[in-house]
Amino acid sequence: MEEVPQGCPGTGSAQAGRGASCQGCPNQRLCASGAGAAPDPAIEEIKEKMKTVKHKILVLSGKGGVGKSTFSAHLAHGLAEDENTQVHQSGSGWSPVFVEDNLGVMSVGFLLSSPDDAVIWRGPKKNGMIKQFLRDVDWGEVDYLIVDTPPGTSDEHLSAVQYLSAAHIDGAVIITTPQEVSLQDVRKEINFCHKVKLPVIGVVENMSVFICPQCKKESQIFPPTTGGAEVMCQDLKIPLLGKVPLDPHIGKSCDKGQSFLTDAPDSPATLAYRSIIKRIQEFCGHHPPKEEHLIGS
Amino acid sequence: MEAAAAEPGNLAGVRHIILVLSGKGGVGKSTISTELALALRHAGKKVGILDVDLCGPSIPRMLRAQGRAVHQCDSGWVPVFVDQEQSISLMSVGFLLESPDEAVVWRGPKKNGSRLVQGLHAGRADAAWALQVTCAAEAGALIKQFVSDVAWGQLDYLVVDTPPGTSDEHMATVEALRPYSPLGALVVTTPQVVSVGDVRRELTFCRKTGLQVVGVVENMSGFVCPHCAECTNVFSRGGGEELARLAGVPFLGSVPLDPELTRSLEEGRDFIRDFPNSPAFPALSSIAQKVLSQAPARLS
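The structure displayed is predicted, hence computed values, not measured ones.

We now examine the overall build of chain B. A count of helical and extended segments in chain B gives 10 helices and 12 strands. Looking at chain B residue by residue over its 300 residues, the buried ones come to 64%.

Here it is in structure tokens:
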């Protein structure tokens, strides 16, 4: 087994990435870019900007296609149903797009002129975009900021956490589906959260069970061959916030851009969502930030 | 930029290379990659699978190959055979991740003085964390070496499974494979608008990088209730065909939701051999047939 480059100056050193022994080390670029050195001034700027945002929640999963965006959208809808949740527009900066009076959205999707435009960006450009979203969007006074993320654990996740590091993230909600192929990626994600000291609010098991609209009998399309999220949460001592069954109406509502919670208020999936949202609100209420009071609270 | 002719190297003995792509996560790229490989094998072909999903390598589990040791030879990494007959070989980043708490995470073979990721600095003992940090900085470089450092030998088909999206990894993979004239890309979507919306962008990526699209596969296309036989469109309907039509590429077929298929993948079973009567089988076989018919005779 080979060692790290002899004479490695260490990632935090001023010589990081610049020393003679750094040549050929695959992390040279990372170190030379100053990742281990002085913090980006944007972090303080974002901390200031985020003072008007009471709660920040990241929605994560190691796995793709488990329902992060679906969940993020419906969490936002669910929270916005409380008329007391207010958003005010103040001053300059990018404006979020308001889909309801008290629900604003910012997405790279809005910046693309065609539905066929592909975002073929390397890491540094993606990081720059995320920095802009966090620093330059004028959210105004907001109760909740939900951050939807792509699958995996890479640039976007590291950036989001890094740029929000001074601004207090309440926690992360992790989405999974029941099968091991999903859980094995999700465990990596939970590991990531621990490493960056991001509190885990809990895990949501999505696409849990399918209830046939015709005969009402249950089927497991994505079988929990290793015990599903329940066993994983027990093993890792993390709360299981709830299980959402597969309801074909969810996909339809998303396709139409509507809130499934309003479209199908009596669905077992809606009931599951509401219970999960309540638990998230309770978590945010019981774990206020330790620093100075937020403006507007 | 390299000349158009491929230099002799580890991919020189591979007749046809197919990439499996999607703009969207969780639509079944790894599933389709695995089943396509199995079906091609059953059609008598020698197949390799390259799993370049750095953050979520799923293929080892799907072929019951988790935790297998990887060896090196003079030309690079030796791919792992997943079957007794040695007709399917696999290389996945997942194999290189299987190291427990060690200061050095994993290393690649030396080739012309260059090295795959060598490890992190003392103190970062966790393999998974090390890879996450490396993903951010070096995904492109990692993939480039990973693609060219595997000693495949003679193969009829190499199926390349990718992570979702259009990023460093995809660009690096296409660039590394370009000298070997890939057959093209299989693009996977699910039926709903949200998926089609993402996968359209993937098709643009293919256009921009000069990657031919072999066709669109629509996965998770309906579920037949085992109790009453009613078919429900769990994830909407029609997206795959619509996407193929919009992009002017062939539509290769719809694969229904099939718990037997999901279970097979969980347990690393050969679905094509063991479940010929299962709902997903006809669609998967048909897709493999279409891929076989597209491959032109290649001069070696």
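Structure's up, so let's keep going.
Take the overall build of chain A next. When its secondary structure is counted, chain A shows 10 helices and nine strands. Looking at chain A residue by residue over its 297 residues, the buried ones come to 50%. Sequence-distant contacts in chain A: of pairs separated by 6 or more residues, those separated by 24 or more amount to 74%. Of the roughly 13,700 Å² that chain A leaves accessible, carbon and sulfur atoms contribute 53%.

Let us now look at the nonpolar core. Judged by nonpolar contacts, the single largest core of 84 residues is most densely connected at Leu19, Leu50, Met91, Trp152, Tyr157, Leu158 and Leu186 of chain B. The leading source of residues in this core is helix H10 (residues 281-294) of chain B, at seven residues. Ignoring sequence-local partners within four residues, the contact set of leucine 186 of chain B consists of Ile18, Leu19, Val20, Leu21, Ile32, Leu36, Val214, Gly215, Val217, Leu252 and Val291 of chain B. Judged by nonpolar contacts, the second largest core, of 37 residues, contains Ile46, Ala167, Cys233 and Ile238 of chain A.

What follows concerns the sheet that holds strand S1 (residues 14-21) of chain B. To summarise the sheet geometry, strands pair through backbone hydrogen bonds and adopt either a parallel or an antiparallel arrangement. Residue and element names in this part refer to chain B. Pairing is mixed across the open sheet formed by eight strands, whose spatial order is S5-S6-S2-S7-S1-S8-S9-S12. In the strand order of this sheet, the two ends are held by strand S5 (80-81) and strand S12 (251-254), each with one partner. Bridge analysis of strand S9 (residues 213-218) against S12 gives three bridges, and the strand direction is parallel. Residue valine 216 lies in a different strand from S12, and its bridge partner there is phenylalanine 251. Against the sheet, helix H1 (residues 29-42) contacts S1, strand S2 (47-51), strand S6 (88-92), strand S7 (155-161), strand S8 (184-189) and S9, and its axis sits at roughly 170° relative to S7.

Glancing now at the sheet that holds strand S9 (residues 240-243) of chain A. All names here are of chain A. Strand order in the open sheet made by the five strands is S4-S1-S5-S6-S9, with parallel pairing throughout. The open sheet has two free edges, formed respectively by strand S4 (142-148) and S9, since each of these has just one partner strand. Neighbour-to-neighbour, the strand axes of the sheet open up by a mean angle of 20°, direction not taken into account. Summarising the sheet, strand S1 (residues 53-60) and S4 pair through six bridges and their orientation is parallel. When the bridges of S4 are listed, histidine 55 appears paired with tyrosine 144. Sheet strands touched by helix H3 (residues 68-80): S1, S4, strand S5 (171-176) and strand S6 (200-205). Its angle to S4, the strand with the most contacts, is close to 170°.

To continue, consider the UniProt feature "binding site: [4Fe-4S] cluster 2" (unreviewed entry) in chain A. Within this structure's numbering, the places UniProt gives as "binding site: [4Fe-4S] cluster 2" (unreviewed entry) are Cys212 and Cys215 of chain A. Mapped onto the elements, cysteine 212 of chain A comes out in the loop between strand S7 (210-211) and strand S8 (218-219). Sequence-distant contacts of cysteine 212 of chain A, defined by excluding residues within four places in its chain, comprise Lys217 of chain A together with Cys225, Cys228 and Glu230 of chain B. As for its placement among the helices and strands, cysteine 215 of chain A is situated in the loop between S7 and S8. For cysteine 215 of chain A, a relative accessible area of 24% corresponds to the partly exposed category.

Attention now moves to the confidence of the model for chain B. Residues and elements named next belong to chain B. Averaged over all residues, the pLDDT of chain B is 82; the fraction at 70 or higher stands at 81%. Counted against residues more than four places away or in other chains, residues 1-6, with its pLDDT under 50, gives seven contacts. Low pLDDT, under 50, characterises residues 132-137; the predicted model gives this stretch 18 contacts beyond four residues in sequence or across chains. Here the predicted complex carries an ipTM of 0.80, next to a pTM of 0.83.

Okay, the packing of H1 of chain B against H10 of chain B next. All names here are of chain B. Where H1 contacts H10, the axes come no closer than 9 Å and their chain directions differ by 70°. On the basis of the axis angle, H1 is roughly perpendicular to H10. The hand of the H1/H10 crossing is right-handed. Contacts between H1 and H10 involve Ile32, Glu35, Leu36, Ala39 and Leu40 on the former and, on the latter, Leu284, Ala288, Val291 and Leu292.

All names here are of chain A. Turning to helix H8 (residues 248-256), its buried residues number three or more, namely Pro248, Ile250, Gly251 and Ser253. With a side-chain oxygen positioned 2.8 Å from the backbone nitrogen of histidine 249, the residue opening H8 is aspartate 247. Glycine 257 lies just past H8 and shows a positive phi near 75°.

As a further point, take the pattern of salt bridges. All names here are of chain B. If you walk through the whole model with that rule in mind, you get 21 salt bridges over all chains. Note that arginine 245 and glutamate 242 form a salt bridge whose closest N and O atoms lie 3.2 Å from each other. You can see arginine 245 and its partner glutamate 242 sitting in helix H7 (residues 239-247), three residues apart, about one turn around the helix. Each of Arg41, Asp83, Glu85 and Asp270 takes part in one network of salt bridges that share partners.

With that settled, the discussion passes to the UniProt feature "binding site: ATP" (unreviewed entry) in chain B. Residues given the UniProt feature "binding site: ATP" (unreviewed entry) here are Gly23, Lys24, Gly25, Gly26, Val27, Gly28, Lys29 and Ser30 of chain B. Owing to a relative accessible area of 18%, lysine 24 of chain B belongs among the buried residues under this scheme. Leaving out residues up to four positions away in the same chain, lysine 24 of chain B has contacts with Gly65 of chain A together with Lys29, Pro164, Val194, Ser195, Asp198 and Val199 of chain B. You can see lysine 29 of chain B is positioned in helix H1. Judged by relative accessible area, lysine 29 of chain B falls into the buried class, the value being 6%. A distance of 3.1 Å separates the side chain of lysine 29 of chain B from the backbone oxygen of lysine 24 of chain B, its partner in a polar contact.

Here the focus is unusual backbone geometry. Residues and elements named next belong to chain A. The phi dihedral of lysine 216 is positive, around 65°, even though this residue is not glycine. Position of lysine 216 among the secondary structure elements: in the loop between S7 and S8. Taking relative accessible area as the criterion, lysine 216 reaches 58% and is therefore assigned exposed. Although it is not a glycine, lysine 237 sits at a positive phi angle of roughly 55°. Here lysine 237 lies in the loop between helix H7 (228-236) and S9.

The next thing to look at is a nonpolar patch on the surface. Residue and element names in this part refer to chain A. On the surface, a nonpolar cluster with roughly 340 Å² of combined accessible area is contributed by Val97, Val99, Phe110 and Leu111. For phenylalanine 110, the position within the fold is in the loop between strand S3 (103-105) and helix H4 (123-136). Residue class for phenylalanine 110 comes out partly exposed when judged on its relative accessible area of 42%.

So, how was this worked out
Residues numbered from 1 in each chain as written. Chains lettered and ligands numbered in written order. Predicted model: local features only at pLDDT ≥ 70, side-chain atom pairs only at ≥ 80, totals over all residues. Heavy atoms only, no water. Helix = DSSP H or I, 4+ residues; strand = E, 2+ residues; numbered from the N terminus. Buried < 20%, exposed > 50% of the residue type's maximum accessible area, 1.4 Å probe, protein only. Contact = heavy atoms within 4.5 Å. Areas by Shrake-Rupley, 256 points an atom, 1.4 Å probe, with all protein chains shown as cover. Core = buried A, V, L, I, M, F, W, Y, C linked by side-chain atoms within 4.5 Å. Pairing = 2+ DSSP bridges. Axes fitted to C-alpha atoms, helices over the stretch in contact; angles between N-to-C directions. UniProt positions renumbered as here; feature names shortened; annotations may be inferred. pLDDT = per-residue confidence, 0-100. Parallel < 35°, antiparallel > 145°, perpendicular 65-115°, else oblique. Left-handed = near helix turned anticlockwise from the far one by under 90°. Polar contact = N/O pair within 3.5 Å; in protein donor to acceptor, adjacent residues only side chain to side chain. Salt bridge = Lys/Arg side-chain N within 4 Å of Asp/Glu carboxyl O. Patch = residues over 30% accessible without salt bridge, like charges linked within 9 Å, V, L, I, M, F, W, Y side chains within 5 Å.

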